[in-house]
Each structure stands twice: as C-alpha cells, then as structure tokens.
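Descriptive analysis of the structure
Below, each chain spelled out in residue letters.
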Amino acid sequence: MRRLWTPAWIARHVAMVVLVVGFLGLGWWQISRATAGNSLSWGYAVEWPIFAGFVVYVWWREVKLARRKAAEADAPPADPAVEPAPAVTTGSRPGVRRPVRVSRVPSGGDAVEDSDLAAYNHYLSWLNANPGARPGDYPG
C-alpha cells in the first residue's frame, strides 16, 4: 500500500477526485439547464456522469495493476533448480508452435499476358513520362 502514496500516485489520486467532482458538477449543471427548458442538455446530463465513471474505472484499473506489480516484486524468487511442470489442460493449445513451411512453386515462363493490365501499365508509364499532362490528354 505504501507504493500508492508516492508523489506521482498522490497526484493521480488528486486528479481522479478533481475530475470526478468536476464531471459530476457539470452533469448537475446540465440537469439544471435541462429543467429550465434546454432539451439538448438532457443528453449532456447523462454524458458527464459516464465520463466520471470512466475516470474511476481507469483509476481503479491502474491501482490494481500497481498492486499486482508490487506483489510480484515482493514475492520471493523461484528456485531455479526446481522447474515446475507446465500446466497442461485438455484441449489447451501450446504457447509456442512450430512455424508453418510454405513451399513456393515458381511460376512458369508461359504467363498469359493480360491485355487490360498491359494497357493500364502503359497508361501509368505515359502519366509518369508526362507529369504535367491531364488524364484526358492520354493518346491511347
């Protein structure tokens, strides 16, 4: 728990409280505007508390992550002489798998020429040779 009271974490806690109070205050302000007749404010009155909930969610997730990392750092190191047996469950997939080999068959020299592809490539080479030309100027 002491790791959550460093200056950086105190700043995070304060930022979380300020944001949540501010977002809830903005939500209350939108409710007061909505009851005064501004119908668009009903949407914002719902939106601001959702933002506050998101801030609390992110803060809680970061606290859990920091506590988990602290617990892992405080845990005694495992004895390297004793390797635990890997846990194998029925139907589980291995973590590391062998690569799949794909054989590549070279294409034959008798490739069929596609006339549309050849015309398009000729058009592109003409555009490259004539950078100031418009597509309508193409003679082909």
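About the thresholds
Residues numbered from 1 in each chain as written. Predicted model: local features only at pLDDT ≥ 70, side-chain atom pairs only at ≥ 80, totals over all residues. Heavy atoms only, no water. Helix = DSSP H or I, 4+ residues; strand = E, 2+ residues; numbered from the N terminus. Buried < 20%, exposed > 50% of the residue type's maximum accessible area, 1.4 Å probe, protein only. Contact = heavy atoms within 4.5 Å. Areas by Shrake-Rupley, 256 points an atom, 1.4 Å probe, with all protein chains shown as cover. Expected span 1.5 Å × (residues − 1). Phe/Tyr/Trp six-rings, centres within 6.5 Å; stacked < 30°, edge-to-face > 60°. Lys NZ or Arg CZ within 6 Å of the ring centre and 35° of its normal. Core = buried A, V, L, I, M, F, W, Y, C linked by side-chain atoms within 4.5 Å. Salt bridge = Lys/Arg side-chain N within 4 Å of Asp/Glu carboxyl O. pLDDT = per-residue confidence, 0-100.

Concerning the overall build of the chain
Each helix and strand counted, the chain has three helices and zero strands in total. The order of α-helices and β-strands along the chain, N terminus first, is α-α-α. Counting over 140 residues, the chain shows a buried share of 11%. Counted over contacts in the chain with a minimum sequence separation of 6, partners at least 24 positions apart contribute 51%. Surface accessibility of the chain: about 12300 Å² in total, with carbon and sulfur atoms responsible for 62%.

Quick look at helix 1 (residues 7-35)
A rise of 1.5 Å per residue sets the reference length of helix 1, with its 29 residues, at 42 Å; its end C-alpha atoms lie 42 Å apart and thus fit the reference within 8%. Looking at helix 1, one finds that the buried residues are Trp-9, His-13, Met-16, Val-20, Phe-23, Gly-27, Gln-30 and Ala-34. Taken together, the buried residues of helix 1 touch helix 2 (41-74). Two residues or fewer after helix 1 comes Gly-37, characterised by a positive phi angle close to 120 degrees.

Focus on the packing of aromatic side chains
The full count for this structure, using the stated rule, is six aromatic pairs. Ring geometry for Trp-48 versus Phe-51: centroids 5.4 Å apart, planes at 85 degrees, classification edge-to-face. Of the two residues, Trp-48 and Phe-51 are both situated in helix 2; the distance of three residues between them amounts to about one turn of the helix. With a centroid separation of 4.8 Å and an interplanar angle of 80 degrees, the aromatic rings of Tyr-123 and Tyr-138 are classed as edge-to-face. Placement of Tyr-123 in helix 3 (residues 115-129) and of Tyr-138 in the segment after helix 3 is noted, with a sequence separation of 15 residues between them. In this arrangement the basic side chain of Arg-12 is found over the ring face of Trp-9, its NZ or CZ atom lying 4.6 Å from the centre.

Quick word on the nonpolar core
The biggest cluster of nonpolar side chains holds five residues, and these are Met-16, Val-20, Phe-23, Ala-52 and Val-55. Those elements that place two or more of their residues in this core are helix 1 and helix 2. The biggest single contributor to this core is helix 1, with three residues. With residues up to four places along the chain from it excluded, the contact list for Met-16 reads Val-55, Val-56 and Trp-59.

With respect to the pattern of salt bridges
Inspection of the entire model under this criterion finds one salt bridge. Where Arg-61 meets Glu-62, a salt bridge forms, and the shortest distance between an N and an O atom there is 3.9 Å. What makes Arg-61 partly exposed here is its relative accessible area of 41%. For Glu-62, a relative accessible area of 31% puts it in the partly exposed group.

Topic: the confidence of the model for the chain
The share of residues in the chain with pLDDT of 70 or more is 82%, and the mean pLDDT across the chain is 84. Across the chain, element-level confidence peaks in helix 1 with a mean pLDDT of 95 and bottoms out in helix 3 with 89.

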